[in-house]
Amino acid sequence: MTEGVDIYDPNFVKEVFDRCSSRYIGYSYFFSLGFTERWRKQCIAAIPLPDAPLSQGYDLMAGTGESWPHLLKRFPDIHAITAVDISTGMHELAMDRLHQHRTHKIEFIEDDVLASSLPDESADFVVSTFGLKTFTPDQHAQLAALIARILKPGGVFSLIEASDPRGWWARRAYMFHLKVVLPFVESLLLRGAQDFAMIGSYTSNFGDASDFAAMLRNEGLNVEFNKHFFGCATGVAGNKQAG
Ligand SMILES: C[S@@+](CC[C@H](N)C(=O)[O-])C[C@H]1O[C@@H](n2cnc3c(N)ncnc32)[C@H](O)[C@@H]1O
C-alpha cells in the first residue's frame, strides 16, 4: 500500500502502465543498459524443447510485445500468439505502431489476466516477460493455477522478472542504484517520473521468482528456476506432463 492506495489493485496498475506506455520501451532499454532485451531473449531461450512444434499460445502481461520477435524466431511454426494485457496504452502501441506486419499472427485481449476466461488446455506455450512484479503472492498463486489450467498436456512455459539479487556481493550498490539513483535521475529527466519510480518499487517488493516456482510445482508442473546476471533477473521455465 502507498498512502492508502493499493498499488496491486489491477485498476491502479493499469493506470500506471497507461501513463508510461509511450516511453516504456526506450526507458526500460536505456535504464537497464540493454539488459531487459537480453533477459527477454534468455526467457525465450529457456523454453524447454517441446515434443511437437509449437503452434499457439499466450504471452501474458505482453505489454508492447517485445518478446514476440524472439519467440517467432526460435519457433517459426507458431501461427497464433494471444497477447493478454490490462493496459490500453500498451495494447495500442503494440498493435498500431510496433507489430503491424505480424497482426495476422497476434490476437490481443485487453483484460486483467486473472479475471480473463482463457480456455482450459488451449496453449502449446505460455510466456511472460517482466509481468510478475505487479502481483501479490495471492495473485501469483492464481496465476500459477491459470498457467497450469490453460497449458495443454506437454505444453511448455517460461517467465522472467527483474529481481532482488540476494546474496550477490554488489547487491547493496545495485539496490541503491535501483531505489535511489534511478528515481533521482528520472525525476530530473522524465515527465511522469513517479510512474517509473513505481515500477522500481514493484521490482524491489517482488524479491525473486523462487516462490512462484514453488507455486507452479504445487500445480503439478515441472519447473526449473533460473537466475540471470547474479540474480538481477530470475525466471521459471518448464512443462506440463504430457497426457
Ligand atoms: C513491465 S510491463 C512488461 C511488458 C512486456 N512483457 C515487456 O517485456 O516489456 C508489465 C505489463 O504487465 C501488464 N499487467 C500488469 N498487471 C496485469 C494484469 N492483471 N493483467 C494483464 N496485464 C497486466 C501491464 O499493463 C504491463 O504492460
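Remember, it's a predicted structure, so these values are computed and weren't measured experimentally.

A. Expanded view of the overall build of the protein. Scanning the protein for helices and strands turns up 8 helices and 7 strands. The C-alpha radius of gyration computed for the protein amounts to 17 Å, which stays within 12% of the reference 18 Å derived for 243 residues, consistent with globular compactness. Judged by the C-alpha coordinates and their principal axes, the protein covers about 50 × 40 × 35 Å. Classification of the 243 residues of the protein by burial places 54% in the buried group. Residue pairs in contact within the protein that sit at least 24 positions apart in sequence constitute 78% of those at least 6 positions apart. Surface exposure of the protein reaches about 11,500 Å², of which carbon and sulfur atoms provide 54%.

B. Up close: a nonpolar patch on the surface. Judged by side-chain polarity, Phe176, Val180 and Val181 come together as a nonpolar surface patch covering roughly 250 Å² of accessible area. Summarising the element assignment, Phe176 is placed in helix H6 (residues 171–189).

C. Quick look at the packing of helix H1 (residues 10–31) against helix H2 (residues 35–45). Orientation of H1 relative to H2, taken along the N-to-C sense of each, is 95°, at an axis distance of 6 Å. In terms of axis orientation, H1 runs roughly perpendicular to H2. Two secondary-structure elements touch here, H1 through Tyr24, Ser28 and Tyr29 and H2 through Thr36, Glu37 and Arg40. Considering only residue class, the contact of H1 with H2 consists of 2 nonpolar, 2 polar and 2 charged.

D. View of helix H5 (residues 137–150). Taking 1.5 Å per residue as the helical rise, H5 with its 14 residues ought to reach 20 Å, and the 20 Å between its terminal C-alpha atoms agrees with that figure. Of all the positions in H5, only Gln139, His140, Leu143, Ala144, Leu146, Ile147, Ala148 and Ile150 are classed as buried.

E. Region of the structure containing the packing of aromatic side chains. By the definition in use, this model includes 8 aromatic pairs. Where Tyr8 meets Tyr202, the ring centres are 5.5 Å apart and the plane angle is 70°; that geometry is what we call edge-to-face. With a gap of 194 residues between them, Tyr8 in the segment before H1 and Tyr202 in helix H7 (residues 193–206) connect regions that are remote in the sequence. As far as burial versus exposure is concerned, Tyr8 and Tyr202 are alike and both buried. An aromatic cluster of three or more residues is present, and its members are Phe35, Trp39, Trp168, Trp169, Tyr174, Phe229 and Phe230.

F. Structural view of the site of the ligand. Around the ligand lies a shell of 19 residues, among which Tyr24, Arg40, Met61, Asp85 and Thr129 are the nearest. Contacts to the ligand include Asp112, whose side-chain N or O atom sits 2.9 Å from a nitrogen atom. Isolated, the ligand exposes 600 Å² of accessible area, and the fraction of that covered by the protein chains is 99%. No other element matches the 3 residues that H1 contributes to the shell around the ligand.

G. Main features of unusual backbone geometry. A positive phi angle, close to 65°, is found at Phe130, a residue other than glycine. By the secondary structure assignment, Phe130 is in the loop between strand E4 (123–129) and H5. Classification of Phe130 as buried rests on a relative accessible area of 9%. A positive phi angle is found at Phe230, which is not glycine, with a value near 60°. Assignment of secondary structure puts Phe230 in the loop between strand E6 (222–228) and strand E7 (233–239).

H. Summary view of the packing of H5 against helix H8 (residues 210–218). The contact between H5 and H8 brings their axes to 9 Å, and the two run at 40°. If you check the angle between H5 and H8, you find them oblique. For the element pair H5 and H8, the recorded crossing hand is right-handed. Counting all contacts with H5, which are made through Pro137, His140, Ala141, Leu143, Ala144 and Ile147, the residues of H8 involved are Phe212, Met215 and Leu216. Tallied by class, the residues present in the contact of H5 with H8 amount to 8 nonpolar, 1 polar and no charged.

Conventions we followed
- Residues numbered from 1 in each chain as written.
- Predicted model: local features only at pLDDT ≥ 70, side-chain atom pairs only at ≥ 80, totals over all residues.
- Heavy atoms only, no water.
- Helix = DSSP H or I, 4+ residues; strand = E, 2+ residues; numbered from the N terminus.
- Rg over C-alpha atoms; globule rule 2.2 N^0.38 Å.
- Buried < 20%, exposed > 50% of the residue type's maximum accessible area, 1.4 Å probe, protein only.
- Contact = heavy atoms within 4.5 Å.
- Areas by Shrake-Rupley, 256 points an atom, 1.4 Å probe, with all protein chains shown as cover.
- Patch = residues over 30% accessible without salt bridge, like charges linked within 9 Å, V, L, I, M, F, W, Y side chains within 5 Å.
- Salt bridge = Lys/Arg side-chain N within 4 Å of Asp/Glu carboxyl O.
- Axes fitted to C-alpha atoms, helices over the stretch in contact; angles between N-to-C directions.
- Parallel < 35°, antiparallel > 145°, perpendicular 65-115°, else oblique.
- Nonpolar A, V, L, I, M, F, W, Y, C, P; charged D, E, K, R; others polar.
- Expected span 1.5 Å × (residues − 1).
- Phe/Tyr/Trp six-rings, centres within 6.5 Å; stacked < 30°, edge-to-face > 60°.
- Near = heavy atom within 4 Å.
- Polar contact = N/O pair within 3.5 Å; in protein donor to acceptor, adjacent residues only side chain to side chain.
- Left-handed = near helix turned anticlockwise from the far one by under 90°.

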